[in-house]
Amino acid sequence: MGTVIDSHFLALTAIVTVGYQFFFFIITALLKFDKVTDFAGSTNFVILAVLTLVLKGSWHFRQVVLTLLVVVWGLRLGLFLLMRILQWGEDRRFDEMRASLGKLAMFWAFQAVWVWTVSLPVTIVNASDRDPSLQAEDIIGWIIWSIGISVEATADQQKLTFKNSPDNRGKWCCVGLWKYSRHPNYFGEIFLWWGIFLASTPVLNGAEWLVVLGPLFLTLLLLFVSGIPLLEESADKKFGDVPAYRAYKRTTSPLIPLPPVIYGNLPSWFKKAFLLEFPFYSQNLPQEGLNW
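Residues numbered from 1 in each chain as written. Predicted model: local features only at pLDDT ≥ 70, side-chain atom pairs only at ≥ 80, totals over all residues. Heavy atoms only, no water.

For the chain, the name recorded in an unreviewed UniProt entry is Steroid 5-alpha reductase C-terminal domain-containing protein, with Rhododendron griersonianum as its organism.

Encoded structure:
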């Protein structure tokens, strides 16, 4: 059954992803119900991983493990985000899209591209006939995934607890992992997907190495498009004139967790060159008195 549509399941996973995202797009467009967006994205990963594993039917240990890692991540994140949006209310990302069917369609199309691309390492592994013995890359990849999902889940829960406290209303989250990174949840997500890629490498051959586009696409997306830039812009507009927030931003790494006492004393060129403190992350921050 490994040759369903194409030997690497690329066309099959593309069709399934487009169909799944189109289904939720219809729900959003017709019912004006945008609370299922993140759930649709996360569970799509689970569907692709399980579908390719079952269709191939070889059940190699590496295939089963990587599929399980994606299922655990996808269900954990999807259910968490769904419960959070149901609790907090409307998804503000759709404030400008609700009146524009075209913008809404573009969003869902982009989400389909995100799911299909980031899933590539697991898709190719599940489609492969190769089954080399367990290697160091497998173990290291699984360890990286374990660290990543632990960081992501912990950061998500810490922020949820912080936001749910009436005492913290109107404040930015700076507790737990958020003391050491302004976006520890994104660090965890990027880290775990690079772990999945590393654990897929013993199987890869020739052009299959292009699956590196999966974690690379995710990293670029969170660093430059829909992740950190949007949240930094929002926080700067809300808290940019608060001295404590400016101090927090000056002494807290944007992504890679580091002790504030270390990060705050690093030279600005080092932060920009090695720690992803890109200037456009602060383009909406009032510049008076800012010392990077």
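Turning our attention to the overall build of the chain. Assigned secondary structure in the chain consists of 12 helices and zero strands. Mapped from its N terminus to its C terminus, the chain presents α and β elements in the order α-α-α-α-α-α-α-α-α-α-α-α. Relative to the compact-globule value of 19 Å for 292 residues, the chain shows a C-alpha radius of gyration of 20 Å, a close match. Across the 292 residues in the chain, those meeting the buried criterion constitute 48%. Partitioning the intrachain contacts of the chain with sequence separation of at least 6 by distance along the chain shows that 75% fall at a separation of at least 24. Element-wise, carbon and sulfur atoms account for 69% of the exposed surface of the chain, whose accessible area totals about 14,000 Å². One way to put it: in the chain the 24 positive side-chain charges average out to a point 7 Å from where the 22 negative ones average out. (Helix = DSSP H or I, 4+ residues; strand = E, 2+ residues; numbered from the N terminus. Rg over C-alpha atoms; globule rule 2.2 N^0.38 Å. Buried < 20%, exposed > 50% of the residue type's maximum accessible area, 1.4 Å probe, protein only. Contact = heavy atoms within 4.5 Å. Areas by Shrake-Rupley, 256 points an atom, 1.4 Å probe, with all protein chains shown as cover. Lys, Arg positive; Asp, Glu negative; His and termini not counted. Charge placed at Lys NZ, Arg CZ, Asp CG, Glu CD.)

Positionally, glutamine 111 belongs in helix α4 (residues 101–118). In this structure glutamine 111 comes out as buried when scored by relative accessible area, which is 6%. When residues no more than four places from it in sequence are discounted, the contact partners of glutamine 111 are Gln21, Thr37, Ala40 and Gly41.

Before going further, it helps to examine unusual backbone geometry. Non-glycine residue tryptophan 59 carries a positive phi angle of around 55°. Structurally, the position occupied by tryptophan 59 is in the loop between α2 (37–56) and α3 (61–88). By relative accessible area, tryptophan 59 is classed as partly exposed at 47%. At leucine 276, a residue that is not glycine, the phi angle is positive and equals roughly 65°.

Here asparagine 126 shows up in helix α5 (residues 120–127). Spatially, the C-alpha atom of asparagine 126 lies 37 Å from that of glutamine 87, the residues being 39 residues apart in sequence. Setting aside residues no more than four positions away along its own chain, asparagine 126 makes contact with Phe9, Ala49, Thr52, Leu53, Lys56, Gln63 and Thr67.

According to UniProt, the "transmembrane region" (unreviewed entry) feature falls on residues 12–31, 38–55, 61–83, 104–127, 186–204 and 210–231. Its end C-alpha atoms 27 Å apart, residues 186–204 is made of 79% helix and 0% strand. The span residues 210–231 shows a helical share of 73% and a strand share of 0%, and its end C-alpha atoms are spaced 30 Å apart. (UniProt positions renumbered as here; feature names shortened; annotations may be inferred.)

Summarising the element assignment, glycine 170 is placed in the loop between α6 (136–164) and α7 (184–200). Along the backbone, glycine 170 and threonine 201 are 31 residues apart, and their C-alpha atoms lie at a distance of 45 Å.

Direction vectors running N to C along α2 and α3 enclose 160°, while the axes themselves pass 8 Å from each other. The angle between α2 and α3 falls in the class roughly antiparallel. In the packing of α2 onto α3, the handedness of the crossing is left-handed. In the contact of α2 with α3, the residues fall into 15 nonpolar, five polar and two charged. (Axes fitted to C-alpha atoms, helices over the stretch in contact; angles between N-to-C directions. Parallel < 35°, antiparallel > 145°, perpendicular 65-115°, else oblique. Left-handed = near helix turned anticlockwise from the far one by under 90°. Nonpolar A, V, L, I, M, F, W, Y, C, P; charged D, E, K, R; others polar.)

What follows covers the packing of aromatic side chains. For the structure shown, the criterion picks out 24 aromatic pairs. Seen in terms of ring centroids, phenylalanine 45 and tryptophan 73 are 5.0 Å apart; in terms of plane orientation they differ by 90°. Their pairing is edge-to-face. Here phenylalanine 45, found in helix α2, pairs with tryptophan 73, found in helix α3; they are 28 residues apart in sequence, far enough to count as distant. The exposure class of phenylalanine 45 is buried, given its relative accessible area of 1%. Sitting above the plane of the phenylalanine 80 ring, arginine 76 keeps its charged end 5.5 Å from the centroid. (Phe/Tyr/Trp six-rings, centres within 6.5 Å; stacked < 30°, edge-to-face > 60°. Lys NZ or Arg CZ within 6 Å of the ring centre and 35° of its normal.)

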